[in-house]
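Listed below, chain by chain, are the residues.
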Amino acid sequence: MTYERVLETRPEAKEKLHAFLIDLRKSVGLDDFVIGDTKLMESVNRKARDDYEGDHLAVLDHERGKGIVSDPLSVLKTKLQLSNPNSNLMLKHGAEIVTLNDLFENPKIKTGYRCINTKIALPVGNAEPHTVEIQIVASQIEDLYERTHEEINFARSIAENARNREMTQDEKKLMAFAMAKCRYHNQKASRDHGYDDLLDPRIHSKHALSSTREDRMEAMLYQYEYQKTEYQKFILE
(Lines give C-alpha, C1' and ligand atoms only; values in the text may rest on other atoms or scores of the structure.)
Protein backbone atom coordinates (compact mmCIF):
# COMPACT_ATOMS: atom_id res chain seq x y z
CA MET A 1 0.00 0.00 0.00
CA THR A 2 1.34 3.43 -0.94
CA TYR A 3 1.49 6.24 1.58
CA GLU A 4 -1.26 8.05 -0.31
CA ARG A 5 -3.51 4.99 0.02
CA VAL A 6 -2.73 4.78 3.73
CA LEU A 7 -4.03 8.32 4.15
CA GLU A 8 -7.07 7.72 1.90
CA THR A 9 -8.14 4.55 3.72
CA ARG A 10 -7.77 5.80 7.29
CA PRO A 11 -11.54 6.36 7.80
CA GLU A 12 -12.35 2.83 6.62
CA ALA A 13 -9.52 1.41 8.74
CA LYS A 14 -10.99 3.11 11.80
CA GLU A 15 -14.39 1.53 11.10
CA LYS A 16 -12.79 -1.89 10.68
CA LEU A 17 -10.81 -1.39 13.89
CA HIS A 18 -14.00 -0.52 15.76
CA ALA A 19 -15.76 -3.65 14.53
CA PHE A 20 -12.71 -5.76 15.37
CA LEU A 21 -12.58 -4.46 18.95
CA ILE A 22 -16.30 -5.06 19.44
CA ASP A 23 -15.79 -8.73 18.58
CA LEU A 24 -12.59 -8.92 20.63
CA ARG A 25 -14.55 -7.67 23.61
CA LYS A 26 -17.21 -10.33 23.08
CA SER A 27 -14.71 -13.16 22.60
CA VAL A 28 -12.38 -12.54 25.55
CA GLY A 29 -14.44 -10.37 27.88
CA LEU A 30 -12.62 -7.06 27.68
CA ASP A 31 -13.76 -4.68 30.39
CA ASP A 32 -13.91 -1.92 27.82
CA PHE A 33 -12.18 -0.53 24.75
CA VAL A 34 -11.32 2.90 23.42
CA ILE A 35 -10.84 4.09 19.84
CA GLY A 36 -8.18 6.77 19.62
CA ASP A 37 -8.29 9.85 17.44
CA THR A 38 -6.69 9.57 14.03
CA LYS A 39 -3.03 10.51 14.37
CA LEU A 40 -2.47 14.17 13.50
CA MET A 41 -0.33 14.79 10.43
CA GLU A 42 2.04 16.85 12.55
CA SER A 43 2.60 13.80 14.75
CA VAL A 44 2.93 11.48 11.74
CA ASN A 45 5.58 13.73 10.19
CA ARG A 46 7.49 14.05 13.47
CA LYS A 47 7.46 10.30 14.08
CA ALA A 48 8.61 9.56 10.54
CA ARG A 49 11.43 12.09 10.91
CA ASP A 50 12.57 11.14 14.41
CA ASP A 51 12.06 7.37 14.41
CA TYR A 52 12.15 6.18 10.80
CA GLU A 53 14.59 8.45 8.93
CA GLY A 54 11.74 10.16 7.10
CA ASP A 55 10.00 6.95 5.98
CA HIS A 56 6.30 7.75 6.37
CA LEU A 57 5.28 4.21 5.44
CA ALA A 58 6.97 2.98 8.62
CA VAL A 59 4.39 4.83 10.72
CA LEU A 60 1.81 2.13 11.46
CA ASP A 61 -0.42 3.72 14.09
CA HIS A 62 -2.51 6.24 12.14
CA GLU A 63 -5.52 4.48 13.66
CA ARG A 64 -5.27 3.18 17.23
CA GLY A 65 -7.37 1.35 19.75
CA LYS A 66 -6.99 0.20 23.34
CA GLY A 67 -8.53 -2.85 24.96
CA ILE A 68 -8.82 -2.75 28.76
CA VAL A 69 -8.64 -5.81 31.01
CA SER A 70 -8.49 -6.18 34.79
CA ASP A 71 -6.95 -9.60 35.44
CA PRO A 72 -4.02 -11.71 34.16
CA LEU A 73 -6.24 -14.43 32.66
CA SER A 74 -7.86 -11.88 30.35
CA VAL A 75 -4.40 -10.82 29.19
CA LEU A 76 -3.57 -14.40 28.25
CA LYS A 77 -6.92 -14.99 26.51
CA THR A 78 -6.55 -11.78 24.51
CA LYS A 79 -2.97 -12.55 23.51
CA LEU A 80 -4.05 -16.00 22.33
CA GLN A 81 -6.80 -14.51 20.13
CA LEU A 82 -4.51 -11.89 18.59
CA SER A 83 -1.47 -14.10 18.03
CA ASN A 84 -3.33 -17.02 16.44
CA PRO A 85 -3.88 -16.34 12.71
CA ASN A 86 -6.54 -19.07 12.68
CA SER A 87 -8.59 -17.81 15.62
CA ASN A 88 -12.24 -17.17 14.84
CA LEU A 89 -11.70 -13.46 15.47
CA MET A 90 -8.79 -13.09 13.05
CA LEU A 91 -10.45 -15.17 10.34
CA LYS A 92 -13.78 -13.33 10.61
CA HIS A 93 -12.12 -9.95 10.06
CA GLY A 94 -9.49 -11.07 7.57
CA ALA A 95 -6.93 -9.76 10.05
CA GLU A 96 -3.23 -10.55 10.03
CA ILE A 97 -0.76 -10.03 12.85
CA VAL A 98 2.12 -7.71 11.89
CA THR A 99 3.89 -7.45 15.26
CA LEU A 100 3.13 -8.36 18.86
CA ASN A 101 5.20 -7.02 21.73
CA ASP A 102 4.28 -8.47 25.13
CA LEU A 103 5.36 -6.04 27.84
CA PHE A 104 3.59 -8.12 30.48
CA GLU A 105 6.28 -10.72 29.85
CA ASN A 106 9.12 -8.25 29.52
CA PRO A 107 8.20 -4.75 30.81
CA LYS A 108 9.82 -1.51 29.74
CA ILE A 109 13.18 -1.17 31.44
CA LYS A 110 12.97 2.50 32.37
CA THR A 111 9.38 2.78 33.59
CA GLY A 112 8.26 -0.79 34.28
CA TYR A 113 5.17 -0.18 32.14
CA ARG A 114 3.27 -3.30 31.03
CA CYS A 115 0.85 -3.87 28.16
CA ILE A 116 0.57 -5.85 24.95
CA ASN A 117 1.27 -3.73 21.88
CA THR A 118 0.17 -5.16 18.55
CA LYS A 119 0.05 -4.05 14.96
CA ILE A 120 -2.80 -5.72 13.05
CA ALA A 121 -3.41 -5.49 9.30
CA LEU A 122 -7.09 -5.12 8.42
CA PRO A 123 -8.40 -5.32 4.83
CA VAL A 124 -9.68 -2.07 3.33
CA GLY A 125 -10.61 -1.00 -0.18
CA ASN A 126 -9.85 -3.87 -2.57
CA ALA A 127 -8.59 -6.15 0.24
CA GLU A 128 -5.61 -3.88 0.84
CA PRO A 129 -3.90 -4.39 4.23
CA HIS A 130 -4.04 -1.27 6.41
CA THR A 131 -2.07 -1.66 9.64
CA VAL A 132 -3.58 -0.36 12.87
CA GLU A 133 -2.30 -0.41 16.44
CA ILE A 134 -4.07 -2.19 19.30
CA GLN A 135 -2.84 -2.01 22.88
CA ILE A 136 -4.11 -4.36 25.57
CA VAL A 137 -3.73 -2.62 28.92
CA ALA A 138 -4.42 -3.42 32.57
CA SER A 139 -6.91 -1.10 34.23
CA GLN A 140 -4.89 -1.03 37.47
CA ILE A 141 -1.78 0.17 35.62
CA GLU A 142 -3.70 2.65 33.48
CA ASP A 143 -5.11 4.17 36.67
CA LEU A 144 -1.54 5.29 37.44
CA TYR A 145 -1.26 7.33 34.23
CA GLU A 146 -1.26 10.75 35.87
CA ARG A 147 1.29 9.74 38.52
CA THR A 148 3.74 8.11 36.14
CA HIS A 149 3.44 10.70 33.38
CA GLU A 150 4.07 13.47 35.89
CA GLU A 151 7.47 11.87 36.47
CA ILE A 152 8.09 11.25 32.76
CA ASN A 153 7.29 14.89 32.01
CA PHE A 154 9.54 16.00 34.86
CA ALA A 155 12.42 13.97 33.41
CA ARG A 156 11.75 15.53 30.00
CA SER A 157 11.82 19.01 31.54
CA ILE A 158 15.26 18.31 33.01
CA ALA A 159 16.54 17.18 29.61
CA GLU A 160 15.03 20.23 27.94
CA ASN A 161 16.57 22.58 30.51
CA ALA A 162 19.98 21.04 29.83
CA ARG A 163 19.52 20.91 26.06
CA ASN A 164 22.38 23.30 25.25
CA ARG A 165 24.82 22.19 27.92
CA GLU A 166 26.15 19.10 29.64
CA MET A 167 23.75 17.70 32.22
CA THR A 168 24.98 17.84 35.82
CA GLN A 169 25.32 14.71 37.96
CA ASP A 170 22.46 15.94 40.15
CA GLU A 171 20.22 16.28 37.10
CA LYS A 172 21.14 12.79 35.89
CA LYS A 173 20.34 11.44 39.35
CA LEU A 174 16.97 13.24 39.41
CA MET A 175 16.07 11.77 36.01
CA ALA A 176 17.00 8.29 37.24
CA PHE A 177 14.88 8.80 40.37
CA ALA A 178 11.92 9.95 38.26
CA MET A 179 12.06 6.75 36.22
CA ALA A 180 12.50 4.72 39.41
CA LYS A 181 9.28 6.22 40.77
CA CYS A 182 7.45 5.11 37.60
CA ARG A 183 8.85 1.61 38.02
CA TYR A 184 7.84 1.54 41.67
CA HIS A 185 4.19 2.40 40.96
CA ASN A 186 3.90 0.07 37.95
CA GLN A 187 5.63 -2.82 39.71
CA LYS A 188 3.52 -2.40 42.84
CA ALA A 189 0.24 -2.40 40.89
CA SER A 190 1.40 -5.39 38.86
CA ARG A 191 2.41 -7.36 41.95
CA ASP A 192 -0.75 -6.53 43.89
CA HIS A 193 -3.07 -7.57 41.04
CA GLY A 194 -1.31 -10.74 39.91
CA TYR A 195 0.37 -9.53 36.72
CA ASP A 196 3.79 -10.67 37.98
CA ASP A 197 2.57 -14.20 37.11
CA LEU A 198 2.88 -13.19 33.45
CA LEU A 199 6.56 -12.23 33.66
CA ASP A 200 9.10 -14.26 31.74
CA PRO A 201 10.59 -16.50 34.48
CA ARG A 202 14.11 -15.67 33.26
CA ILE A 203 13.67 -12.01 34.22
CA HIS A 204 11.08 -12.34 36.98
CA SER A 205 13.37 -11.11 39.76
CA LYS A 206 14.38 -8.10 37.67
CA HIS A 207 10.83 -6.71 37.46
CA ALA A 208 8.98 -8.17 40.47
CA LEU A 209 8.71 -5.87 43.47
CA SER A 210 9.79 -7.82 46.56
CA SER A 211 9.06 -6.46 50.04
CA THR A 212 12.78 -5.71 50.51
CA ARG A 213 12.98 -3.82 47.24
CA GLU A 214 9.76 -1.98 48.06
CA ASP A 215 11.17 -0.72 51.39
CA ARG A 216 14.40 0.37 49.74
CA MET A 217 12.64 2.19 46.91
CA GLU A 218 10.23 3.97 49.26
CA ALA A 219 13.17 5.33 51.26
CA MET A 220 14.90 6.44 48.09
CA LEU A 221 11.77 8.09 46.69
CA TYR A 222 11.15 9.98 49.93
CA GLN A 223 14.56 11.60 49.44
CA TYR A 224 13.79 12.17 45.75
CA GLU A 225 10.64 14.21 46.50
CA TYR A 226 12.69 16.69 48.52
CA GLN A 227 15.35 16.98 45.80
CA LYS A 228 12.70 17.36 43.11
CA THR A 229 11.06 20.23 45.01
CA GLU A 230 14.39 21.99 45.48
CA TYR A 231 15.24 21.61 41.79
CA GLN A 232 11.88 23.02 40.72
CA LYS A 233 12.38 26.02 43.03
CA PHE A 234 15.79 26.61 41.50
CA ILE A 235 14.42 26.50 37.93
CA LEU A 236 11.67 28.98 38.78
CA GLU A 237 14.08 31.50 40.33
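Residues numbered from 1 in each chain as written. Predicted model: local features only at pLDDT ≥ 70, side-chain atom pairs only at ≥ 80, totals over all residues. Heavy atoms only, no water.

Caption draft 1: Geometry of the side chain of glutamate 214. Relative to the elements of secondary structure, glutamate 214 occurs in helix H10 (residues 211-236). Judged by its relative accessible area of 13%, glutamate 214 is buried. Side-chain polar atoms of glutamate 214 contact the side chain of arginine 191, separated by 2.8 Å. Leave out the neighbours within four places in its chain, and glutamate 214 touches Tyr184, Lys188, Arg191 and Leu209. (Helix = DSSP H or I, 4+ residues; strand = E, 2+ residues; numbered from the N terminus. Buried < 20%, exposed > 50% of the residue type's maximum accessible area, 1.4 Å probe, protein only. Polar contact = N/O pair within 3.5 Å; in protein donor to acceptor, adjacent residues only side chain to side chain. Contact = heavy atoms within 4.5 Å.)

Caption draft 2: Highlighting the packing of helix H7 (residues 145-161) against helix H8 (residues 169-192). At their nearest, the axes of H7 and H8 sit 9 Å apart, and the two run at 165 degrees to each other. In terms of orientation, H7 and H8 fall into the roughly antiparallel class. Seen along the crossing, H7 lies across H8 with a hand that is left-handed. Along the contact surface, H7 presents Arg147, Thr148, Glu151, Ile152, Phe154, Ala155, Ile158, Ala159 and Asn161, while H8 presents Glu171, Leu174, Met175, Ala178, Met179, Lys181, Cys182, His185 and Asn186. (Axes fitted to C-alpha atoms, helices over the stretch in contact; angles between N-to-C directions. Parallel < 35°, antiparallel > 145°, perpendicular 65-115°, else oblique. Left-handed = near helix turned anticlockwise from the far one by under 90°.)

Caption draft 3: Summary view of the layout of surface pockets. In this structure, the largest pocket occupies an estimated 870 Å³ of space. Lining of the largest pocket is provided by 28 residues; of these, Lys108, Thr111, His149, Ile152 and Arg156 occupy positions nearest its centre. Every element with two or more residues in the lining of the largest pocket is listed here: strand E2 (64-69), strand E3 (96-102), strand E4 (115-124), strand E5 (128-138), helix H6 (139-142), H7 and H8. When residues in the lining of the largest pocket are grouped by element, the largest group, seven residues, is from H7. Taken together, the residues that form the lining of the largest pocket break down as eleven nonpolar, nine polar and eight charged. Counted as a void, the second largest pocket has a volume near 160 Å³. What lines the second largest pocket is a set of 13 residues, and nearest its centre among them are Val6, Leu57, Leu60, Pro129 and Thr131. (1 Å grid on protein atoms, 1.4 Å probe; cavity = no way out; pocket = protein on both sides within 12 Å on 5 of 7 lines; lining within 4 Å. Points joined across faces, edges and corners; volume = space filled by probe spheres on them. Nonpolar A, V, L, I, M, F, W, Y, C, P; charged D, E, K, R; others polar.)

From the geometry alone we can't say anything about function, so treat these as descriptive.
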